[in-house]
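Examination of the molecular architecture
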Amino acid sequence: MFIKGAVTLSLVALCFAEPPTNNYLPPAPSSGYNYPAPSVPFPPPQKPYQPPSPPPYRPPPPPRPTYGPPSPPPPPPRPSYGPPTGPTGTGVLPGYGENDHLNQPHVPGMPYDFNYAVKDDYYGTDYSHNAVSDGDVVRGEYRVHLPDGRLQIVRYTADWKTGFHADVQYEGEASYPDSSAGYPSGGPRQPGPSYGPPTGGY
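Residues numbered from 1 in each chain as written. Predicted model: local features only at pLDDT ≥ 70, side-chain atom pairs only at ≥ 80, totals over all residues. Heavy atoms only, no water.

So, the side chain of Ser-133
Along the chain, the position of Ser-133 falls in strand 2 (residues 125-133). Within polar-contact distance, the side chain of Ser-133 engages the backbone nitrogen of Gly-135 at 3.1 Å. In contact with Ser-133, other than residues within four places in its own chain, are Pro-111, Tyr-112 and Val-138. (Helix = DSSP H or I, 4+ residues; strand = E, 2+ residues; numbered from the N terminus. Polar contact = N/O pair within 3.5 Å; in protein donor to acceptor, adjacent residues only side chain to side chain. Contact = heavy atoms within 4.5 Å.)

Below you can see the structure in the form of structure tokens.
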């Protein structure tokens, strides 16, 4: 309570207090502040600075071409080889002997063994093939069911010295369908009608 009373009395005293008076006055003329006028006149005011205007834009002249007219293409090169020579009569190309491969060092190949077979009764496809190689000699056999009903069997051997040798055999009898009877049901389609040139014009 004492603090609140002291604060209230302070506020009331401030309200009734007189404002401070201004005792500042300008200096008297005899106090030494009178300066004589300058003997040199002041220069007249100058115009504000303005940057110079740029010259008008003129595009540069286009560059002159430094190339001339295109030169004609060079003539095609003439062949430097002579005319081909005729056959030698030996059945071997010129420059290649019949047994030149025998004079070359022999490098055995990679041994392999494979076989496969395909049989489709609907289309009549029936063939197989198997072969075995030890790197030097290949021995194999393939069988093909021919359209005439026979079975073709080919047994062969091949090596790097003597080449390919085959033994061909056939099993069964050849038979041909009657052309007037047509194909049986389920077989190949009948040939479609043949069309001649169109009659009449447009």
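A short note on the side chain of Glu-141
Relative to the assigned elements, Glu-141 resides in strand 3 (residues 137-145). By relative accessible area, which is 17% here, Glu-141 ends up buried. Of the polar contacts made by the side chain of Glu-141, one reaches the side chain of Arg-155; its length is 3.0 Å. Excluding anything up to four places from it in sequence, Glu-141 contacts Ser-128, His-129, Asn-130, Ile-153, Val-154, Arg-155 and Tyr-156. (Buried < 20%, exposed > 50% of the residue type's maximum accessible area, 1.4 Å probe, protein only.)

Structural notes on the pattern of salt bridges
What the rule picks out here adds up to five salt bridges. For Lys-119, the salt bridge goes to Asp-126, with nearest N and O atoms at 3.4 Å. Residue Arg-143 pairs with Glu-141 through a salt bridge whose shortest N-O separation is 2.8 Å. In this structure, a network of salt bridges that share partners links the residues Lys-119, Asp-121 and Asp-126. (Salt bridge = Lys/Arg side-chain N within 4 Å of Asp/Glu carboxyl O.)

Overview of the pairing of strand 1 (residues 112-120)
Two strands pair when backbone bridges link them, and strand 1 and strand 2 are joined in this way by nine bridges, in the antiparallel orientation. Each residue of the ladder has a partner; that of Ala-117, found in strand 2, is Ser-128. Taken together, strand 1 and the strand that follows it, strand 2, pair antiparallel across an intervening segment of four residues, in which Gly-124 is found at a positive phi of about 75°. (Pairing = 2+ DSSP bridges.)

As for the packing of aromatic side chains
Applying the stated criterion to the full structure yields five aromatic pairs. Relative to Tyr-116, the ring of Phe-114 has its centre 6.4 Å away and its plane inclined at 15°; by these criteria the two rings are stacked. A centroid spacing of 4.7 Å and a plane angle of 85° characterise the contact between Tyr-122 and Tyr-123, whose relative ring orientation is edge-to-face. A single burial state applies to Tyr-122 and to Tyr-123, both of which are exposed. Sitting over the ring of Tyr-170, Arg-150 keeps its end group 4.6 Å from the ring centre. (Phe/Tyr/Trp six-rings, centres within 6.5 Å; stacked < 30°, edge-to-face > 60°. Lys NZ or Arg CZ within 6 Å of the ring centre and 35° of its normal.)

Let's talk about the sheet that holds strand 2
With respect to topology, five strands assemble into an open sheet ordered 1-2-3-4-5, the strand pairing being antiparallel. A single partner strand is all that each edge strand has here, and the edge strands are strand 1 and strand 5 (163-171). The mean angle between the axes of side-by-side strands here comes to 10°, regardless of whether they run parallel or antiparallel. Pairing between strand 4 (residues 151-159) and strand 5: nine bridges, direction antiparallel. Bridge pairing in strand 5 links Ala-158 to Phe-164. (Axes fitted to C-alpha atoms, helices over the stretch in contact; angles between N-to-C directions.)

Points about the pairing of strand 4
In terms of strand pairing, strand 3 meets strand 4 through nine bridges, oriented antiparallel. Bridge pairing in strand 4 places Val-138 opposite Ala-158. Adjacent in sequence and paired antiparallel, strand 3 and strand 4 are bridged by five residues, among which Gly-149 carries a positive phi angle near 100°. Following strand 4, the chain reverses through three residues before pairing antiparallel with strand 5.

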